[in-house]
Each structure stands twice: as C-alpha cells, then as structure tokens.
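In case you want the letters, here they are:
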Amino acid sequence: MRHLKTVGLGLTAALALTLTACGQGSATKEAAAPEGKSVVRYMNFSSNDGHEKDLTAIVNAFQTANPNITVQVETVPYADYFTKLQTSVAGGTAADAFELNYENFVTYAKNGSLAELKNVDTAAYKKSLVDAFNDGGKQYGVPESFSNVVLFYNKALFKKAGVAEPTDAWTWKDEQAAAAKLTDKGAKVWGDYQPVSYNEFYKVLAQNGGEFLNADRTEATFNSPQGVEAAKFLIDKVGKTMPTEADGAGTPDFDSKLFKSGKLAMWHTGIWMFSAMAQAPFDWDVVVEPGNTKKASAMFVNGLVVSAASKNADAAQKWVTFLASSDDTTKTRLATSWELPPVADEAKLAPYLDQKKPANRKAVFSALEATVLPPVIERQQEMQDLVTAELTSAAAGRKPVEKALADAQTKVNGLLKK
C-alpha cells in the first residue's frame, strides 16, 4: 500500500486474462470439497511478491481452528488484479472472498457484488477502519490492513534553528511559521515538503472543512472558499518554504533523498517510509499532521469482502474475519512488516509501538481518530490526473489558483456526467 498508488477501478470493457497464482496454485476452478468440509476460494493481491508464505501460515492457523473449512488461495499481482476480478465477477466465477482496497470497495458495494456481513464484531477494529467498509448502514467488508500519512520532522534541524518541535496540536499556521524559520535557501535547506497533487489537496480540503464531492457523489464541490484556501495553503509554500519543480520537486525519490540528506525539516508522507529512513544520520520523529479548522489524516485501507454470489458465504465470512483480526494474523503481520493490522487493542500492537525509531509511533494510531478517505468516482484515475495537472499549473504560475480550481471542478463534473 502506498500513498500515491494508482487505483484500478475500470468497470467497463474487461480484458480476459490467463493468470497464474503466485506460489499457491491457481484457484480459478473450485476444488472438490472433502466430505463434510466447505471450500472457500480466496483471491488477493497483497501477499504477492514476498508475503505468500505469511498468508499460507495464516491459512494453516485458520484451518486448524476450523477443520471443516478449507481455504483455497489465488494470489494475483496488483497490476492485473482488478481486471481479473472484474472479469470473474461479470462471468459469475468470482472467488467466495476477495481483497479490495477502499477505492474499489465503493464501486463493488454500490453495484451489488458484495454480500452483507452479519453480526460483525466491529469493536475488534479501529473505528475509522471498519467504518470505511460500511455502506448505507450495512457492513459489506472488514478492514484487513492500513497505512496513513503523518508529518516527519528532522529534530536536529529544529534544534539548530531554535524552533520548538511540532505537536499534535499544531495548525497550518504553526507549521508555516516554523517552516519559514527553518528554510535556509543559501544552505539549500527547506522547511517543508508537501506535494502539490490530488492526494494532498483532498486531504487539506478536509482539514479546512471542505467537501470534495456532494453526498451522493454526483457533483464536485471543492471549488469553494474552503477549497481555494486549501489550494493556496499548498501552492503558497512553493518556492518559499518548499522546493519548486526547478529544484527537482516531483522527480522520483526527490523528497525522500532530500529528507534523508538532512536538507528538509518537515515532510508530509506515509508511514511506509519508516524503514527507508531508519538509517538516516540524524534524529527524527513524527506527529499527526496539522489541520486548519479540524484534523483530517489521509488513510489508505485494504478490506476483505464476500461475494454476493458465494454458496459458502458463512464459511467465507469466518475466513475473512479471521484474516482481518485474529491474533495469528496480527502477530504474522507485525513480525514480517506486512502492513499494519487494523485491530483496536493496542496491547497487541506493542511490537510495533515499542520500536525505537520513530519514537512517536503512537501518532500512527492517533491519526486514525480523524481521517479522510479518498473521494471515489468511476473514472478515478482521470480525476486524479486532471486535478493534479490544474494544481501544478497554478503552482508553476501559469494560472491563478481560483482559475485552476474552477477549471478542475468543471472537468471533474464532466467525468461524472459521462
């Protein structure tokens, strides 16, 4: 899971693919169930390329606890997964249970492809995570894993500049006042870095009390006073406290290299960068990102669902619940750094929280108390690209922020009407 991961919604014109499961064997045809047992076919992408054995260990633990259920796994690379899934759902051959990221969950929940889950113990999960898979008051999935975005900061640069370190109580104003003091263009040290992009805009819009889409997702609403102020918050940093495109901003790994080299004081990015920064030659930490009128942290979550067409729905729900929240799964995920489990009981997360760097890992879970999920439409990637393009144009001075936001909203509404 990554902050800028491309979403593959595409619910039209599926391509038929012949895919081989990675390390687990193909599951395109249901195996004959041993006498007295149910077979649950499960399709996923997240175990691909490194965590196949971890998933196998969880399957074995589940089957030991549930000897009357056999889980048959099909693992598909992420690049092919959603085309494969769409084809199987349309053709009536979908697995009993499968994995969905939030962006795709919204579409499958709306089109009737998912079974409602019954009597889910929602208290087992962080509230914002389980709520992401509730649609219209019905629980159509359970959270499987998550990542989110926090504010990284270089403690050494703060100390050198005599600036107080960030706290969870910081606002945009606090952040930018500190960034101005921390920026030293002569030394090529920047106070802040937050990409001018769709992913950052919908988040700061929420932090400013704005809405990206109306309630039924039929109209864009981000060209508002709150939206203009949010866009200006991002864009006004460029060239002042934040690098420009001419400085290399936006090129691959620019931000991570800048932070790791000790030339960036604050950095808005995802918790997946913890391991990459582990060997940085200075002390650093993280806090919940500042807000303006309220807090709103970006959350990226994968979920587990049951097909509406499954003939083994009860067994499939037992499996997805186990995979989501069992102690076996939690221990396996933490031991192998396979994303973060969604469980509410933080005592079970001690192996993660007790790691020394960053010290304030508690912020990862504090950020879940006030989150914003990505706005979702059918033509998702087109929307993301055009919003980013308009914001980039404004950041480069090619058009006023107000004009860029108005043009972006007109274009998004055009996508919604097609």
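See above for the structure.
As the structure is a prediction and not an experimental result, all values here were calculated from the model. (Residues numbered from 1 in each chain as written. Predicted model: local features only at pLDDT ≥ 70, side-chain atom pairs only at ≥ 80, totals over all residues. Heavy atoms only, no water.)

Novice: Mind showing me how you'd approach the pattern of salt bridges here?
Specialist: Opposite charge on two side chains permits pairing when their charged atoms draw close. A full pass over the atoms with the stated rule returns 19 salt bridges. Between Lys-127 and Asp-131 there is a salt bridge, with its nearest N and O atoms 2.6 Å apart. Here Asp-131 and Lys-127 lie together in helix H4 (residues 127-131), a separation of four residues that amounts to about one turn. Exposure remark for Asp-131: the relative accessible area of 37% places this residue in the partly exposed category. Residues Asp-407 and Lys-403 are paired through a salt bridge, measuring 3.2 Å at the closest nitrogen-oxygen approach. Here Asp-407 and its partner Lys-403 are both found in helix H15 (residues 401-417), four residues apart, which amounts to about one turn of the helix. Judged by its relative accessible area of 16%, Asp-407 is buried. (Salt bridge = Lys/Arg side-chain N within 4 Å of Asp/Glu carboxyl O. Helix = DSSP H or I, 4+ residues; strand = E, 2+ residues; numbered from the N terminus. Buried < 20%, exposed > 50% of the residue type's maximum accessible area, 1.4 Å probe, protein only.)

Novice: What's the story with the nonpolar core in this structure? I'm lost.
Specialist: One broad rule of soluble globular proteins: the nonpolar side chains tend to lie buried together. Phe-152, Phe-201, Phe-212, Phe-222 and Val-387 are the most contacted members of the largest nonpolar core, which totals 92 residues. The contacts of Phe-152, once residues within four sequence positions are left out, are Phe-259, Ala-265, Met-266, Trp-267, Thr-269, Gly-270, Met-273, Phe-274, Met-277, Trp-284, Asp-285 and Val-286. Among the nonpolar cores identified, the runner-up in size contains 26 residues, and Leu-55, Val-71, Ala-97 and Trp-338 belong to it. (Core = buried A, V, L, I, M, F, W, Y, C linked by side-chain atoms within 4.5 Å. Contact = heavy atoms within 4.5 Å.)

Novice: Explanation requested: unusual backbone geometry in the structure shown.
Specialist: Across the chain, the bulk of peptide bonds are trans and the bulk of non-glycine residues have phi less than zero. In this structure, Pro-358 follows Lys-357 across a cis peptide bond, with omega equal to -5°. Within the fold, Pro-358 resides in the loop between helix H12 (350-353) and helix H13 (362-366). Backbone geometry places Glu-339, a non-glycine residue, at a positive phi of 55°. Among the structural elements, Glu-339 can be located in the loop between helix H11 (327-336) and H12. On the accessibility criterion, Glu-339 (21% relative accessible area) is partly exposed.

Novice: In this structure, what is going on with the pairing of strand E6 (residues 142-154)? I would like to understand it.
Specialist: Moving residue by residue along a regular strand, the side chains alternate between the two faces of the sheet. Of all 13 residues in E6, 13 are buried, a share of seventy percent or more. As defined by bridge partners, E6 adjoins strand E9 (residues 297-306) across six bridges and the pair is classed as antiparallel. Along E9, the bridge assignment pairs Pro-143 with Gly-303. Relative to strand E7 (residues 266-270), E6 runs antiparallel, the two being bridged by five bridges. Of the residues in E7, the one forming a bridge with Val-150 is Thr-269. Where E6 meets strand E8 (residues 284-287), four bridges bridge the pair, whose relative direction is antiparallel. What sits directly across from Asn-154, in E8, is Trp-284. (Pairing = 2+ DSSP bridges.)

Novice: Hey, could you run me through the packing of aromatic side chains in this one?
Specialist: The final tally for this structure, using the stated rule, is 30 aromatic pairs. Centroid distance Phe-62 to Trp-319: 5.2 Å. Interplanar angle 65°. Geometry classified as edge-to-face. A residue pair is termed long-range when its members are at least 10 positions apart, and Phe-62 in helix H1 (residues 52-65) and Trp-319 in helix H10 (residues 313-325) qualify at 257 residues. Across this residue pair, the class does not change: Phe-62 and Trp-319 are buried. Taking the centre distance of 6.5 Å and the plane angle of 70° together, the rings of Phe-98 and Tyr-108 count as edge-to-face. Placement of the pair is Phe-98 in strand E3 (residues 97-101) and Tyr-108 in helix H3 (residues 102-110), with a sequence separation of ten residues. Exposure class is identical for Phe-98 and Tyr-108. Each is buried. Through a chain of ring-to-ring contacts, three or more aromatic side chains come together here, namely Phe-152, Phe-259, Trp-267, Phe-274, Phe-282 and Trp-284. Here the basic side chain of Arg-361 rests over the ring of Tyr-352, its NZ or CZ set 4.6 Å away from the ring centre. (Phe/Tyr/Trp six-rings, centres within 6.5 Å; stacked < 30°, edge-to-face > 60°. Lys NZ or Arg CZ within 6 Å of the ring centre and 35° of its normal.)

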